Amino acid sequence: MEYNILAEVFAKLEKTAERLKKTGILADFLLECDTDDIYPAVILSQGRVFPSWSQKEIGVASLLMVKAIAKAYGIKGTEVEKLWQKTGDLGLAAEELSKKRRQATLFTKPLTVKSVHEGLKGLAELEGNKSQKKKLEIISYLLTSAKDVEAKYVVRAIIGNLRIGVADGVVRDAIAKAFFSEVFWKDILKQKINQKKRIEDILLLEKKSILIAEELKKTMPEVCGLEENNDVKYLGEKDILKINDFWKKECKYDIVLVGSAETGNALRAKITGIVEKANEAANDFALVAKIAKKEGTIGLKKIDIAVGRPIKVMLAQKAKGIEDAFETVGKPCAFEYKYDGFRLQAHKKGSQVQLYTRRLEDVTKQFPDVSGAIKKGIKAESCIIEGEAVGYDKKTGRSIPFQNISRRIKRKYNIEELAEAVPVVLNLFDILSLDGITIIKEPFHKRRAHLEKITHEIPKKLVVAEAIVTDNIETADEFYKKSLSLGNEGLMAKNLKAPYKPGSRVGHMLKIKPVLETLDLTIVAADWGEGKRAGWLSSYGLACRDPDTGEFLTMGKLGTGIKEKKEEGTSFEEITDELKKHIIKKEAKRVEIAPTIVVEVAYEEIQKSSTYTSGFALRFPRFVRIRDEKSVDEIDDINKVIAIFDSQRHNL
Ligand code: AMP
């Protein structure tokens, strides 16, 4: 297929902002497109060259593009820049230049969808010193062969900003619309009839074949004027609902008409569901489109997960507490520590390991330590496993908050050094594929058994998530408390019989974590800081109120969440300046403060404590903000603290 046809489709897509119109335009195109061209055409429509999970990049920035355009059209870079400034878009600049030059290049070979895709792929393969020169050559070749509107989209595709607004949802719906029956129900039909008058005109205009619900005979007699023949068939709504395959080629119906919106929506959901599900395994709508065209429902259902191609992860729902969790996932169930880190999906094939985040970004390069541990500790030729990577303090061994290790995900250089300074342990909790066999449909307890069998734990590097299986509330409560006391977020409750459902937020994996409301407290004391914090009051004594006596009751110290640099938020300096005005007593490094400032404080838990006059202490208190609008009389009182303490016990 000539690229020109695709570029015209892009132009149409660019012109409309309406999602339904975009879907229609793309669906019409997919129907016309040869099976061989579908993959490159769809991926290019998505403004991509590779599927979203691939880490390959074209690596051509705007400045190199300016050079390439100049080379292709034999003009100076400054002229391209001028045009760029005028149009605000290098694609439009290229289109304009291409139009001017049209006469001179009548005899170049036309671009095809495949040749453009291959050319762009070639750009991504180039690395090293001479790559710039080669990239210029490839782009220049593409541009000299591109006509007008083609030049615009080639340039935009290369710089990664196609601007035609085709999101995943549009591609999914277009695939469904192109290759599967379209479903309408009475209300939609009525609207169409109002616009077009005759039902025959609407339905048989393009000699479409139709399946009509018998029920419509009563409610919409105009529809049933259609005679039953090769192209028109009547069937009861219940039987229509039983049809599982709406691939046009197999079921033969272009259009299905039903009476109720409920049935119509159920059928539409069934059709888009098949496309969506296929994408959860393939993670690549271009591939899904190709298979939908070639093999329909059967092909889509056969799309399997593959080692090396990340799969959308299964997500969890929330439970209010242990009891609630038992109700949803059944008894007995598995409880696992809910670690506070980030999810990694690891694909192992021989000695190759690839790591993906929850959003399926390839982070293999950033975590050589994790790959190393997997190579050493996982005894399987190939597998896909998942776990939560948690950073820990090398000295104390305690887990550190996610924010402190997130820099490892972003780091591009000195990776080994950072891995040494900020080590992580991978807590494995699921397995999706083992030695070439997809096991997502196996029940959780079996998957977990496989995982335990192939994992040779390496302490502080690679372990299987701590778990218990129980039907007993007290046992689960104990486990929950233990998990929290170790600094974990809470527990995950898992249905023992449930499969792994890629991409879904399922009711058979639940998270249980304490959600405690913040407290508004006042500062009654502070310590002068040391080292980096010298010169600032840096640790603040917090207090709530006794509503009967008006006394302030202490309940812990706050030092987390306040910034060292002003630009980053409320700083120690700011708070110090304010507190200094209210110092009432000095004692070595410690000062007493007249209660004036109100701070909102978050925390993990309220604990009993004999250290503080309230009888309670906040576990891991964290500064949220200064509450200027509140006076000290309005801070939270001890009764509220007790109430939260009690509710938390109840939750545990
Ligand atoms: P949330 O991000 O709050 O929706 O909680 C779900 C996330 O908890 C998962 O995506 C994992 O990243 C993480 N997690 C931590 N421990 C586990 C575990 N044992 N099983 C499953 N997910 C876990």
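Residues numbered from 1 in each chain as written. Predicted model: local features only at pLDDT ≥ 70, side-chain atom pairs only at ≥ 80, totals over all residues. Heavy atoms only, no water.

## Some points on the site of the ligand
Rules: Each residue is tested against the molecule or strand, and it is near if at least one of its non-hydrogen atoms lies within 4 Å. Whenever two N or O atoms come within 3.5 Å, that pair is a polar contact, provided that in protein one can donate a hydrogen and the other can accept it, and provided that, for residues adjacent in sequence, both atoms are side-chain atoms. In this description, accessible areas are obtained by the Shrake-Rupley approach with a 1.4 Å probe, and a residue is regarded as covered only by the protein chains that are shown. Helix and strand assignments follow DSSP, with helices taken as H or I runs no shorter than four residues and strands as E runs no shorter than two, numbered in order from the N terminus. Side-chain classes follow a simple rule in which Ala, Val, Leu, Ile, Met, Phe, Trp, Tyr, Cys and Pro form the nonpolar group, Asp, Glu, Lys and Arg form the charged group, and the remainder, Gly included, forms the polar group.
Lining the immediate environment of the ligand, one finds Glu-336, Tyr-337, Lys-338, Tyr-339, Arg-343, Arg-358, Glu-388, Phe-429, Met-492, Lys-494, Lys-511 and Lys-513. Interatomic distance of 3.1 Å between a backbone N/O atom of Tyr-339 and a nitrogen atom of the ligand. Within the contact set of the ligand, an oxygen atom lies 2.8 Å away from a side-chain nitrogen or oxygen of Arg-343. For the ligand, the accessible surface in isolation is 490 Å², of which the surrounding protein chains cover 91%. Those elements that place two or more of their residues in the shell around the ligand are strand 6 (333-338) and strand 14 (490-494). Of the residues forming the shell around the ligand, the biggest block, 3 residues, is contributed by strand 6. A breakdown of the residues in the shell around the ligand according to their chemical character gives 4 nonpolar, no polar and 8 charged.

## Topic: empty space enclosed by the protein
Spelled out, the test is: Two kinds of site are reported from a 1 Å grid over the protein atoms alone, namely cavities, where a 1.4 Å probe fits but cannot get out, and pockets, open sets with protein on both sides within 12 Å along at least five of seven lines, and residues are called lining when an atom falls within 4 Å of a point. Grid points are joined across faces, edges and corners, and a volume is the space filled by probe spheres set on the points.
Using the criterion set out here, one finds 2 cavities of 30 Å³ or more in the structure. Reported here for the second largest cavity is a volume of approximately 40 Å³. Around the second largest cavity, the lining residues are Met-314, Asp-430, Phe-444, Arg-447, Lys-494, Asn-495, Ala-498, Pro-499, His-508 and Met-509. Looking at the lining of the second largest cavity, the elements that each hand over two or more residues are helix 22 (444-454) and strand 15 (505-512).

## Points about unusual backbone geometry
Stated precisely, the cut-off is as follows: Accessible area is worked out with a 1.4 Å probe on protein chains only. A residue is then buried under 20% of its type maximum, exposed over 50%, and partly exposed in between.
Note that the residue after Lys-331, namely Pro-332, is joined by a cis bond; omega there is -10°. Here Pro-332 lies in the loop between helix 18 (322-329) and strand 6. Positive phi is not limited to glycine here, since Asn-414 has a value of about 45°. Its location among the elements puts Asn-414 in the loop between helix 20 (402-410) and helix 21 (415-421). For Asn-414, a relative accessible area of 43% translates into the label partly exposed. Residue Asp-435 is not a glycine yet carries a positive backbone phi of 45°. Positionally, Asp-435 belongs in the loop between strand 10 (424-434) and strand 11 (437-438). Accessibility expressed as a relative area gives 43% for Asp-435, which makes it partly exposed.

## Here's the deal with the nonpolar core
When a protein is soluble and globular, its nonpolar side chains tend to lie buried together. For clarity, the threshold we go by: Put simply, a nonpolar core is a bunch of buried Ala, Val, Leu, Ile, Met, Phe, Trp, Tyr and Cys residues held in one set by side-chain atoms that sit within 4.5 Å of each other.
Judged by nonpolar contacts, the single largest core of 119 residues is most densely connected at Tyr-3, Ile-69, Leu-120, Leu-143, Ile-158, Ile-175 and Leu-300. If you tally residues by element for this core, the top one is helix 4 (residues 62-73), at 8 residues.

## A few points about the sheet that holds strand 4 (residues 255-258)
The criterion, for reference: For two strands to be treated as a pair, DSSP must find no fewer than two bridges joining them. To define axes, lines are fitted to C-alpha atoms, for helices over the stretch in contact only, and angles between the resulting N-to-C directions are given on a 0 to 180 degree scale. Here a residue-residue contact requires only that any non-hydrogen atoms of the pair lie within 4.5 Å.
With respect to topology, 4 strands assemble into an open sheet ordered 1-4-2-3, the strand pairing being parallel. Looking along the sheet, the strands with just one partner apiece sit at the ends: strand 1 (182-185) and strand 3 (232-235). Averaged over neighbouring strand pairs, the angle between their axes works out to 20° when direction is ignored. Against the sheet, helix 16 (residues 261-282) engages strand 1 and strand 4, with an angle of about 165° to strand 1.

## Things to note about the packing of helix 2 (residues 19-32) against helix 10 (residues 168-179)
Selection criterion: Oblique is the label for any angle not covered by the other classes, which are roughly parallel (under 35 degrees), roughly antiparallel (over 145) and roughly perpendicular (65 to 115). Whether a crossing is left-handed or right-handed is set by the direction in which the near helix is turned from the far one by less than a right angle, anticlockwise for left-handed and clockwise for right-handed.
It is at 8 Å that the axes of helix 2 and helix 10 come closest, and there the two elements cross at 50°. Between helix 2 and helix 10, the interaxial angle falls into the category oblique. Crossing of helix 2 against helix 10: the hand is right-handed. Residues Arg-19, Lys-22, Thr-23, Gly-24, Leu-26, Ala-27, Leu-30 and Leu-31 of helix 2 form the contact with helix 10, whose participating residues are Gly-169, Val-170, Val-171, Arg-172, Asp-173, Ala-174, Ile-175, Lys-177, Ala-178 and Phe-179. Split into classes, the residues belonging to the contact of helix 2 with helix 10 amount to 10 nonpolar, 3 polar and 5 charged.

## Focus: the environment of Ile-311
Mapped onto the secondary structure, Ile-311 falls in the loop between helix 17 (285-302) and strand 5 (315-318). We classify Ile-311 as buried; its relative accessible area is 0%. Beyond its immediate sequence surroundings of up to four residues, Ile-311 is in contact with Glu-280, Asn-283, Ile-305, Gln-345, His-347, Leu-360, Ile-384, Leu-432 and Pro-502.

## Comments concerning the pattern of salt bridges
Stated precisely, the cut-off is as follows: Every case where a carboxyl oxygen of Asp or Glu lies within 4 Å of a side-chain nitrogen of Lys or Arg is listed as a salt bridge.
Summed over all chains, the structure comprises 39 salt bridges. A salt bridge links Lys-394 to Glu-420; the nearest nitrogen and oxygen atoms lie 3.5 Å apart. Placement of the pair is Lys-394 in the loop between strand 9 (382-391) and helix 20 and Glu-420 in helix 21, with a sequence separation of 26 residues. In terms of burial, Lys-394 and Glu-420 fall into one category: exposed. Here Lys-585 and Glu-592 are joined by a salt bridge, their closest N and O atoms 3.9 Å apart.

## So, the side chain of His-117
You can see His-117 is positioned in helix 7 (residues 113-125). Other than its neighbours up to four places away in sequence, His-117 contacts Tyr-39, Pro-40, Ile-43, Leu-44 and Val-49.

## Some remarks on the domain arrangement of the chain
A common way to state how big an interface is: give the accessible area lost once the parts meet. As a reminder of what qualifies: Domain segmentation is taken from an automatic or database assignment of domains.
Splitting the chain by domain gives domain 1 (3-166), domain 2 (175-277), domain 3 (315-512) and domain 4 (519-651). Each of domain 2 and domain 3 has a C-alpha centre, and these two points are 46 Å apart.

## Examining the side chain of Asp-636
Among the structural elements, Asp-636 can be located in the loop between strand 24 (622-626) and helix 25 (638-651). In terms of polar contacts, Asp-636 uses its side chain to reach the backbone amide nitrogen of Asp-520, at 2.7 Å. At 3.5 Å, the side chain of Asp-636 and the side chain of Lys-640 are in polar contact. Dropping the residues within four chain positions of it, Asp-636 is found in contact with Thr-518, Leu-519, Asp-520, Cys-544 and Arg-545.

## Brief notes about helix 23 (residues 473-485)
Where we set the bar: One fewer than the residue count of a helix, multiplied by 1.5 Å, yields its expected span.
The terminal C-alpha atoms of helix 23 lie 18 Å apart, and with 13 residues this matches the ideal 18 Å at 1.5 Å per residue to within 8%. Taken from the residues just after helix 23, Gly-487 is the one with a positive phi, measuring 90°.

## Remarks on the sheet that holds strand 6
Pairing is mixed across the open sheet formed by 5 strands, whose spatial order is 5-15-14-6-13. Looking at the sheet topology across the chains shown, the edges are occupied by strand 5 and strand 13 (467-470). For this sheet, the mean angle separating the axes of adjacent strands, direction not counted, is 35°. Note that strand 5 and strand 15 share 4 bridges and pair parallel. Looking across to strand 15, one finds that Leu-315 is bridged to Arg-505. Each of strand 6, strand 13, strand 14 and strand 15 touches helix 18; the most contacted strand, strand 15, lies at about 160° to it.

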